[in-house]
Amino acid sequence: MEEDSMEPKDALGSEKGPLEISSTKDIQEEATKVNSGDMQNMPGEDSVSGNLESALGGAATRYNSALDMTLKALMNINVLKEDLKHNKHPFHVNREEEQVLPALQSLFTALVSEEIKTKRVYSLILRYLLVSLEEVNSMLSGAAEVLVTILESWHCWKNSELESLVTRLFTLEVYERMSCRKCGRKPNYPEQSSYGIVISADSIRDLKCAFGDIKFVDVLKMTRMNYKMLCDIKTGGCGTTNFVHHVISICPPIFTVVLEWEKRETDKEISETTEALESEIDISRLYEGLEPNTNYRLVSMVGYGEEEREHICMTYEKNRWVNLRRESLAGEVVGNCWKNVVTFCGERKVRPVILLYEAA
């Protein structure tokens, strides 16, 4: 991933044909089999992939934890749940992804039907996903890489009448505009697609320290202002370096920010970074072409604690922030305001990685 964007890859390859959506009845039947002892080695909610973790050690623990918490963060997005509810249709896969997509579809079918809340259904599907992803992915991925893997898989989830779920909900289509300050040339650049913005934790702290009372969205804007382009001599330009304006005409329902932690930060640095974040942002301050007060609200956050292999997921639900337990949909209440989250992260040395905002 580049500094300023999580860019989607090319469209997935050859299609093999539609696959049927796994029914919640099938899921319940599998859960019943587990409870009746047909899968005696099936672990409980506290160790859904214990055998795999024992074999691969810390890397597997980190990967499993990242997947678990990233899925929960996605499941808390209302617009995603509504889209899944109203756009049920077959999807196509290529050979490499044929195991991953049915596992994802089982998860979100259970989510829409609310069968996901049935005892052990989530644990069962999570195990299914872990096994599927193990075949196509490295166990060394963190939460950001897991998120990209899921979004890439979802590009298959489409038919001839609709754009893919990822295109509709997650993809930013950004136009880059430049007006040369020397020769006045205004070249047209192709549209750039991305899943969101990537920013280093160091940059957040540096800008906050330099400018004091600055909004988080303006921190994002200032890091992008460092992005410059040459007035290209090969196409008739003068070679002068110019600032680039980022323009969007349509903003996606979901806006994603990823934080990169590049070193062993001190407790003070972790707290300073988290304190600079905000639960509400106005992305019209970040992109041109939007109406003022195009507001987004933070609904889910994924991070990791003092030990990188243990991830956390915090969601905003029923007017309160909740820290979800591993391999369970239950959690502990953190508080009803963002300051409670900042305090929680400071006390437990949590480094936020994925921020999922939903249009307000």
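Keep in mind it's a predicted model, so treat the numbers as computed, not measured.

Colleague: Run through the pairing of strand β11 (residues 295-304), naming residues and quoting values.
Modeller: Buried residues dominate β11, accounting for eight of its 10 residues. Relative to β11, strand β10 (residues 280-282) runs antiparallel, the two being bridged by three bridges. Considered in β11, the bridge of E280 is made with R297. Bridging between β11 and strand β15 (residues 351-359) involves eight bridges; their strand directions are antiparallel. Its bridge partner being in β15, L298 is matched across the sheet by Y357.

Colleague: Tell me about the pattern of salt bridges, and name the residues and values.
Modeller: This structure, assessed with the given rule, holds 10 salt bridges. Residue E332 is joined to R348 by a salt bridge in which the shortest nitrogen-to-oxygen separation is 3.1 Å. In this pair, E332 is assigned in strand β14 (residues 331-335) and R348 in helix α12 (residues 338-348), connecting sequence segments 16 residues apart. The exposure class assigned to E332 is partly exposed, which follows from its relative accessible area of 31%. Classification of R348 by relative accessible area gives partly exposed; the value is 42%.

Colleague: Let's hear about the nonpolar core: which residues, and what values?
Modeller: W154 and F255 are the most contacted members of the largest nonpolar core, which totals 91 residues. Each residue touching F255, except ones within four places of it in the same chain, is listed here: L172, I197, I281, I283, L286, Y287, Y296, L355, L356 and Y357. Core analysis: the next-biggest nonpolar cluster, separate from the first, contains five residues, M178, M229, C231 and V244 among them.

Colleague: Describe in detail the packing of aromatic side chains, supporting the description with residues and values.
Modeller: Applying the stated rule across the entire model yields four aromatic pairs. Through a chain of ring-to-ring contacts, three or more aromatic side chains come together here, namely F255, Y287 and Y296. Of note, R351 hangs over the ring of W261, and the distance from its end group to the ring centre comes to 6.0 Å.

Colleague: Now, about the sheet that holds strand β3 (residues 172-177): what can you tell me, with residues and values included?
Modeller: Pairing between the strands of a sheet comes from backbone hydrogen bonds, and it takes one of two forms, parallel or antiparallel. The strand order β4-β3-β8 describes an open sheet built from three strands, whose pairing is antiparallel. Two strands lie at the open edges of the sheet, namely β4 (192-194) and β8 (245-247), each paired on one side alone. Shown here is a sheet whose adjacent strand axes are inclined to one another by a mean of 35°, direction ignored. Of the pairings in the sheet, the one linking β3 to β8 comprises three bridges and is antiparallel in character. What sits directly across from E176, in β8, is H246.

Colleague: I'd like to hear about α12, residue by residue, with values.
Modeller: Taken together, the buried positions of α12 are occupied by W338, V341, V342, F344 and C345. The buried residues of α12 all sit within an arc of 160° when viewed along its axis, so they share a single face. Facing away from the buried surface of α12 by more than 90 degrees, the exposed residues are K339 and E347. For α12, the elements touching its buried residues are α11 (267-276), β11, β12 (311-317), β13 (320-324) and β14.

What counts, and where the lines are drawn
- Residues numbered from 1 in each chain as written.
- Predicted model: local features only at pLDDT ≥ 70, side-chain atom pairs only at ≥ 80, totals over all residues.
- Heavy atoms only, no water.
- Buried < 20%, exposed > 50% of the residue type's maximum accessible area, 1.4 Å probe, protein only.
- Helix = DSSP H or I, 4+ residues; strand = E, 2+ residues; numbered from the N terminus.
- Pairing = 2+ DSSP bridges.
- Salt bridge = Lys/Arg side-chain N within 4 Å of Asp/Glu carboxyl O.
- Core = buried A, V, L, I, M, F, W, Y, C linked by side-chain atoms within 4.5 Å.
- Contact = heavy atoms within 4.5 Å.
- Phe/Tyr/Trp six-rings, centres within 6.5 Å; stacked < 30°, edge-to-face > 60°.
- Lys NZ or Arg CZ within 6 Å of the ring centre and 35° of its normal.
- Axes fitted to C-alpha atoms, helices over the stretch in contact; angles between N-to-C directions.
- Arc of directions from axis to C-beta.

Everything listed is a geometric property; what it means functionally is a separate question.
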